[in-house]
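Architecture and fold: a report
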Amino acid sequence: MKITKVEAIPFAIPYSHPLKFASGAVHMAEHILVRVHGEDGMVGVAEAPPRPFTYGETQAGIKAVVEQIFAPQVIGLDVFEREKVLSRMNRTVGNPCAKGALDVAIWDLMGKVLGQPVTRLLGGYTDRLRVSHMIGFDDPAKMVDVAQEFLDRYGISTFKVKVGRQPFMLDVEVCRALRQHFGDKVDLYIDGNRGWTATDAARALRAMEDLDLLFAEELNPADDVMGRRWLVRQAKIPMFADESVSRPAEVVRELLNGGATAISIKTARTGFSMSQRVLFLSESIGVENYIGNQIDGQVGTIASLVFGAAYQATSSRAAELSNFLDMSDDLLADPLVISGGELKVRDLPGTGVVVDEEKLSHFRLDK
Ligand code: MUC
Ligand code: MG
């Protein structure tokens, strides 16, 4: 079944609770909905969240690259020729979120054509994931309140704490306040979004040694090659790479460099086809993964869920699937519900995304 049309629809939905972290802040979800149409009228859907401060992509840039560069190269291909789509997209460097969304939309269409849930096509390991919530910068008491609210309302007991501020003791105080408040009732890990130097990061990790953190993510920049290697050698917890590994080759480079010991997978930046490569590569050499969040809306969150639930290695740790709750609204006809700390995969053909067309016409920017 041939691909006949590709759309890249910009939309904007305000956040009710903006998220602040070391490399930026998000107040408005200015994302792109990618739609891939097939000959028989079926449509595959995915969401691209531009993160200019992380990958250099913008909403206008994603729309342009999808419509002007990728669409002409994939229209006319069969929906099952995914590797051809990938190789054509990879003639263009960069643009991870544009490529990721087009790949996920094609998988969604493929699942719909086959009448099968994509999570089963990918691996079919489980039907649910434990959820981890990411808490942005604020005062220690307010960050404790957010965690308490998510524990009470959704049963979420794993939290990623954004760190990377100056002085680093600001963040140490937050982690200490969370541990003191919750005791061993919650799991905690930290993400610096490259905000610290290697020295700050080493001092912060030492100051938090008694807090039983699960792991740490991107505390200092990957370009600080020697600093990262020095930091990783002394760290007593796994050191995850996130935005420094937006391609499988970067995963290999970071691991061989000794700049990280574990790898975050985000379907927003590696779609399903490249996320598989990152996962299989990691698994084959004994490197841990978890499913991260690129501050995705519900459409993107479903993609993370569908991929994470497909494999044992990505479903063992809690996955970051809850930050859509900070948005004032969304595009799904049937909104996602987190309960008992878990999110369940939908038993529907494709990824299970059904867009509310009225909401899309309300939030789209190209009316
Ligand atoms: C994260 O894990 O870093 C912040 C920026 C981005 O691209 O993703 C988020 C969360
Ligand atoms: Mg991160």
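So, how was this worked out
Residues numbered from 1 in each chain as written. Chains lettered and ligands numbered in written order. Predicted model: local features only at pLDDT ≥ 70, side-chain atom pairs only at ≥ 80, totals over all residues. Heavy atoms only, no water. UniProt positions renumbered as here; feature names shortened; annotations may be inferred. Phe/Tyr/Trp six-rings, centres within 6.5 Å; stacked < 30°, edge-to-face > 60°. Helix = DSSP H or I, 4+ residues; strand = E, 2+ residues; numbered from the N terminus. Buried < 20%, exposed > 50% of the residue type's maximum accessible area, 1.4 Å probe, protein only. Donors = N, O, S within 2.8 Å, 3.2 Å for Na, K, Ca; no water. Near = heavy atom within 4 Å. Polar contact = N/O pair within 3.5 Å; in protein donor to acceptor, adjacent residues only side chain to side chain. Areas by Shrake-Rupley, 256 points an atom, 1.4 Å probe, with all protein chains shown as cover. Nonpolar A, V, L, I, M, F, W, Y, C, P; charged D, E, K, R; others polar. Domains from an automatic or database assignment. pLDDT = per-residue confidence, 0-100. Arc of directions from axis to C-beta. Contact = heavy atoms within 4.5 Å. Axes fitted to C-alpha atoms, helices over the stretch in contact; angles between N-to-C directions. Parallel < 35°, antiparallel > 145°, perpendicular 65-115°, else oblique. Left-handed = near helix turned anticlockwise from the far one by under 90°. Salt bridge = Lys/Arg side-chain N within 4 Å of Asp/Glu carboxyl O.

An unreviewed UniProt entry annotates the chain as Enolase C-terminal domain-like protein of Paracoccus aurantius. Checking UniProt for the chain, the heading Sequence similarities (unreviewed entry) contains the comment "Belongs to the mandelate racemase/muconate lactonizing enzyme family."

Moving on: the packing of aromatic side chains. Scanning the entire structure with this criterion turns up 13 aromatic pairs. Ring geometry for W107 against F272: centres 6.1 Å apart, planes inclined by 80°, an arrangement best described as edge-to-face. You can see W107 sitting in helix 4 (residues 96-114) and its partner F272 sitting in the loop between helix 11 (267-270) and helix 12 (273-284), a full 165 residues away along the chain. Each of the two residues, W107 as well as F272, counts as buried. With 5.7 Å between their ring centres and 85° between their planes, F280 and Y311 make a pair best called edge-to-face. Of the two residues, F280 is situated in helix 12 and Y311 in the loop between helix 13 (298-308) and helix 14 (312-315); the sequence distance between them amounts to 31 residues. A relative accessible area of 9% places Y311 in the buried class. Taken together through their ring pairs, the aromatic side chains of W107, F272, F280, F307 and Y311 make up a single cluster.

For a metal with four tetrahedral donors the ideal donor-metal-donor angle is 109.5 degrees, whereas six octahedral donors ideally subtend 90 or 180 degrees. Distances from the magnesium ion (ligand 2) to its protein donors, D191 (OD), E217 (OE) and D242 (OD), fall within 2.0 to 2.2 Å. In primary sequence terms, the donor set of the magnesium ion (ligand 2) follows D-x25-E-x24-D. Of this pair, D191 sits in strand 6 (residues 187-191) while E217 sits in strand 7 (residues 216-217); the two residues are 26 residues apart in sequence, bridging distant segments of the chain. The burial state of D191 is the same as that of E217; both residues are buried.

As a further point, take the UniProt feature "domain: Mandelate racemase/muconate lactonizing enzyme C-terminal" (unreviewed entry) in the chain. Feature annotation in UniProt places "domain: Mandelate racemase/muconate lactonizing enzyme C-terminal" (unreviewed entry) on residues 140-238, given in this structure's numbering. Annotated as 49% helix and 12% strand, the span residues 140-238 places its first and last C-alpha atoms 24 Å apart.

Around ligand 1 sit 14 residues, and of these K160, D191, N193, D242 and K266 come closest. Here T54 contributes a side-chain N or O atom positioned 3.3 Å from an oxygen atom of ligand 1. Here an oxygen atom of ligand 1 sits 3.1 Å away from a polar atom, N or O, in the side chain of K162. Look at ligand 1: alone it shows 280 Å² of surface, and the protein chains cover 100% of it. Taken together, the residues of the shell around ligand 1 sort by class into three nonpolar, four polar and seven charged. Residue assignment places the shell around ligand 1 across two domains, with domain 1 (3-117 + 356-363) and domain 2 (120-344) each supplying three or more.

Next up on the list: the confidence of the model for the chain. Looking at the chain as a whole, its pLDDT mean stands at 98, while 100% of the residues score no less than 70. Summarising per-element confidence for the chain, the mean pLDDT is lowest in helix 1 (residues 52-55) (94) and highest in strand 6 (99).

In an α-helix, one full turn covers 3.6 residues, which means residues spaced three or four apart are oriented alike. Along helix 9 (residues 225-234), the residues that are buried comprise G227, R228, L231 and V232. Buried residues of helix 9, seen end-on, are gathered within an arc of 125° and therefore sit on one face of the element. Turned more than 90 degrees off the buried face of helix 9, the exposed positions are M226 and R233. Of the surrounding secondary structure, the elements contacted by the buried residues of helix 9 are helix 8 (198-207), strand 8 (239-241) and helix 10 (248-257).

Bringing the side chain of R269 into the picture now. Along the chain, R269 falls in helix 11. At a separation of 2.7 Å, a polar atom in the side chain of R269 contacts the side chain of D242. Excluding anything up to four places from it in sequence, R269 contacts Y55, P96, C97, D242, E243, V245, S246, S264 and Q294.

Contact geometry for helix 10 and helix 12: axes closest at 9 Å, N-to-C directions at 25°. Taken together, helix 10 and helix 12 sit at an angle that is classed as roughly parallel. Note on packing geometry: the crossing formed by helix 10 with helix 12 is right-handed. For the pair helix 10 and helix 12, contact is made by P248, V251 and V252 and by M274, R277, V278 and L281, respectively. By residue class, the composition of the contact of helix 10 with helix 12 is six nonpolar, no polar and one charged.

All chains considered together, the criterion is met by 26 salt bridges. A salt bridge links K84 to E81, with the shortest nitrogen-to-oxygen separation between them at 3.1 Å. For K84, a relative accessible area of 40% translates into the label partly exposed. Residue class for E81 comes out partly exposed when judged on its relative accessible area of 26%. Across the pair E149 and R153 runs a salt bridge whose closest N-O atoms are separated by 3.0 Å. Here R153 and E149 lie together in helix 6 (residues 140-154), a separation of four residues that amounts to about one turn.

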